[in-house]
Each structure stands twice: as structure tokens, then as C-alpha cells.
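Chains, contacts and geometry: an overview
Here are the chains, one letter per residue:
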Amino acid sequence: MGLLTIGAFAKASRLSPKALRLYDELGLLPPARVDPVTGYRLYAPEQVERARLVAWLRRLGMPLVRIRHVCSLEAGAAAQEVRAFWARVEADTAARRDLAAFLVDHLDRRDPAMTSTAPALSIRYAAASDTGLVRGTNQDTAYAGSRLLAVADGYGADGAPASAAAVEALKHLESDEVPTGGLLDVLADALDRAERAVHDAVRTGSGSGSGSEEGGTTLTAMLWTGSRLALVHVGDSRVHLLRDGELFQITHDHTVVQSMVDEGRISPEEAASHPQRSMLIRALGRGADATAEMRLHDVRPEDRYLLCSDGLSTVVPAEEIRRVLAGTGEPGQAVRELVALANGAGGPDNVSCVVAHVVDA
């Protein structure tokens, strides 16, 4: 079979002539030959398969630059790239779904026709932070109050002042009135305030002048509203919920390794020992992506929440954490036991814990 005109090739590939001209200009699908007299594009029959692949990838919403890369790969590697792209799409969709749910709830609660039947609840809480057995200083900050629970894990030369500044910037939430209808705005403003405080702390800290290595911090905090906990989360500190005897991780690590797991490049088991498992892709600090997760959690009596730095979660198995939260009567005792478990496992990092028990008021 000879070369096909652009019209015939468009029909065979299910692409429009306009799309074929665009893909030619972008180098995605150049014709086999261009007539030097008429300028007509002519395509080889064996180009149909690539044309259809381009069309399918476009329907997935893949950017043209990434399509060009996929088309340059062997079949197996191309399949891996498509798998990674779709995993990222699903992760982004899940994040938008959480935000949509937050907004729906936020707007419902502004509706005067909505009435609350939530039981009167309160929280008991405790916090602990320890240097561990290997590090010379403690760059973590942990805080627990009647409304605010927070853990920040600093890194770099100014990690300690960075984490302290981030938590300090949120403490006004303990005393400020938080309007029910404006909770989303309150959380966003609090995060902005924490980010500015971290920048100021890094600029004036002991590591000043060392460029991007000055430092920064993770920040994971929950604000008690009287019947709910509102979450703000950036980085790889975590929140766990113990409910009905089961332990759930309700935050998502913002790390290079977790993104590799999300994209199907490595397994969760491989991630646990990966040499880059602590490399952050979101944090509070100069040049860092401070995009936060924000959501609301309905609480139940007897729920138990744990906020912790990775000094606990990377060395203490989830089953041990579940056992302590389920078997310990008071939050103060729980945080002491969790710190002791981390140090008993070698204490390779600073460890911070905040535990909150939800009880009938």
C-alpha cells in the first residue's frame, strides 16, 4: 500500500486533519513525506497505530509534551508511563474530591435550615517530644491544647526554629472565635500565617546565609470545633485514628517515595526501606510547595487521634501503635509509651506525639 493523503489517513486513524497538522507542528506525528510542490502531507500506513495511540492519550488528558515522551518509548516503558500518569490523575482527583466534600459541608453548615444533632463532646489530650537516642538536638515541636493539636518536624540548619514558629503561629486559634461558616477561610489564613512565620524564623536563624538548605518544617494540625476536628496537613508527619478497635492513617505523606507508590513505581513494602523515604515534596520553607490538605472529620465518642512525626511512624509498627492507643486509659500515658517505643527501637530520630481522646462532655 502506498502513502495516504491526509484525508485518508485522518479517516484511518480517527483523527481530524486539523489535529494531524497540529501534531506535525509539535513533532508528535510528522508525515512520512510532504509534497514539495503542493505541500500536501502524506502518511505511511504503519503510522496509523502511533496516530491512534496519540488520540487515546489525548482522550486521557495527557499533556502533549508527555505524549511525545511516551511515544518515544518501547511498549513496556510506555505502559509504565501511562500507569504513572493515571495514578497521578487519580490522586489529584481524590484531593479535589476531599476539597469538594469540605466545601459542601461548609456550605451546608451556613444554611440556616440545617440543624445540628451532634452530641456534646470534648477531648482529653497530651503531647510529648523527645530528642531520641541519635540526634544531638530536637527539631520537632508538639503542642496540645483544648482546641489545637499540632506536630511540626523541622529539617535543615534552622529546623528547630522553623517548627517552633509554625506551631506558635497557630496558637491564636486556641482563643480566637472561629465562625462555623468561615472555618475554611480560618484554616487557609492560619496556614499562610505559619508559612510566613517559618520564612522569618529561617531568615533570622542560625543557618542564615546557607541558601535553600537553611531549613523548613512539616506541619500537621487539628482544630477542635466542639463536634469535629478540622485538619491541616503539609509534609510527612501523620494523623492516625483509632475507631472501634481499628487504626486508620488519615493523612497522606507528601514525599518523593509516597508519590512513587501512588504512581505504581514501587510497593509500600519497598517504600519503607527506600533511601529517599524522608525526601519531602511539600513543606513550609523557602522554595517549598506549601500546598496543604484541609478537611473535616466527624468524631465519635471514644475516638482516639494520634498526631506524630516520622520519628515514631518509621520505627514503630502500626500494630504496636494500635495496641497503645487501644489499651491506654489516659493520653498522657499513651504519649509516654509511644515515645518509649520509638527509643526502644533505636531512637534514630526526634519523636513527637500528640494524643487526643474524644469523650462525652
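Structure shown above.
My aim in this report is to walk through the structure given alongside it, one point at a time. What you are looking at is a predicted structure, and each value in this text was computed from that prediction instead of being measured.

What counts, and at which threshold
Residues numbered from 1 in each chain as written. Predicted model: local features only at pLDDT ≥ 70, side-chain atom pairs only at ≥ 80, totals over all residues. Heavy atoms only, no water. Pairing = 2+ DSSP bridges. Helix = DSSP H or I, 4+ residues; strand = E, 2+ residues; numbered from the N terminus. Axes fitted to C-alpha atoms, helices over the stretch in contact; angles between N-to-C directions. Contact = heavy atoms within 4.5 Å. Core = buried A, V, L, I, M, F, W, Y, C linked by side-chain atoms within 4.5 Å. Buried < 20%, exposed > 50% of the residue type's maximum accessible area, 1.4 Å probe, protein only. Parallel < 35°, antiparallel > 145°, perpendicular 65-115°, else oblique. Left-handed = near helix turned anticlockwise from the far one by under 90°. Nonpolar A, V, L, I, M, F, W, Y, C, P; charged D, E, K, R; others polar. Expected span 1.5 Å × (residues − 1).

Topic: the sheet that holds strand E15 (residues 351-360)
- What the five strands build is an open sheet, ordered E4-E15-E14-E10-E11; its pairing is antiparallel. The open sheet has two edge strands, strand E4 (121-130) and strand E11 (246-249), and neither has a second partner. With strand direction ignored, the average angle separating the axes of adjacent strands in the sheet is 20°.
- The sheet contact formed by strand E10 (residues 238-243) and E11 spans four bridges and is antiparallel. Of the residues in E11, the one forming a bridge with Arg243 is Glu246.
- Sheet contacts for helix H12 (residues 331-344): E4, strand E14 (304-308) and E15; angle to E15, the most-contacted strand, approximately 150°.

A few points about the nonpolar core
- Of all hydrophobic cores here, the largest spans 29 residues; its most connected members are Leu170, Leu219 and Leu284.
- It is helix H7 (residues 183-204) that provides the largest number of residues to this core, a total of nine residues.
- In contact with Leu219, not counting residues within four places along its chain, are Val151, Ala152, Ala166, Val167, Leu170, Leu191, Ala194, Val232, His233, Val234 and Leu284.

So, the sheet that holds strand E3 (residues 41-43)
- One open sheet accounts for three strands, arranged E1-E3-E2; its pairing is antiparallel. Each having just a single partner strand, strand E1 (4-5) and strand E2 (33-34) make up the two edges of the open sheet.
- Two strands pair when backbone bridges link them, and E1 and E3 are joined in this way by two bridges, in the antiparallel orientation. Bridge pairing links Leu4 to Tyr43 in E3.

Re the environment of Val178
- Summarising the element assignment, Val178 is placed in the loop between helix H6 (159-168) and H7.
- A C-alpha to C-alpha distance of 9.9 Å links Val178 and Leu223, two positions 45 residues apart in sequence.

Thoughts on the pairing of strand E6 (residues 148-155)
- Where burial is concerned, most of E6 is hidden: seven out of the eight residues are buried.
- Two elements, strand E5 (residues 140-144) and E6, share five bridges in a ladder whose sense is antiparallel. By the bridge assignment, Asp140 is partnered in E6 with Asp153.
- The hairpin formed by E5 and E6 contains three residues between the paired strands.
- Pairing between E6 and strand E8 (residues 219-224): four bridges, direction antiparallel. Looking at the pairing, Val151 lines up with Thr220 of E8.
- When E6 meets strand E7 (residues 216-217), the two strands line up antiparallel, connected through two bridges. Along E7, the bridge assignment pairs Tyr155 with Gly216.

A few points about the packing of H6 against H7
- Between H6 and H7, the shortest axis-to-axis distance is 8 Å and the interhelical angle comes to 150°. In terms of their interaxial angle, H6 and H7 are classed as roughly antiparallel. Here the hand of the crossing between H6 and H7 comes out right-handed. Residues Pro161, Ala162, Ala165 and Ala166 of H6 pack against Ala194, Ala197, Val198, Ala201 and Val202 of H7.
- Residue composition of the contact of H6 with H7, by class: nine nonpolar, no polar and no charged.

So, H12
- In a regular helix each residue adds 1.5 Å, so 14 residues correspond to 20 Å; H12 covers 20 Å between its end C-alpha atoms and thus fits that length.
- Along H12, the residues classified as buried are Pro331, Gly332, Ala334, Val335, Leu338, Val339, Ala342 and Asn343.
- Among the structural elements, E4, E14, helix H10 (310-313), helix H11 (318-327) and E15 are those in contact with the buried residues of H12.
- Following H12 by one or two positions, Gly346 adopts a phi angle in the positive range, close to 110°.

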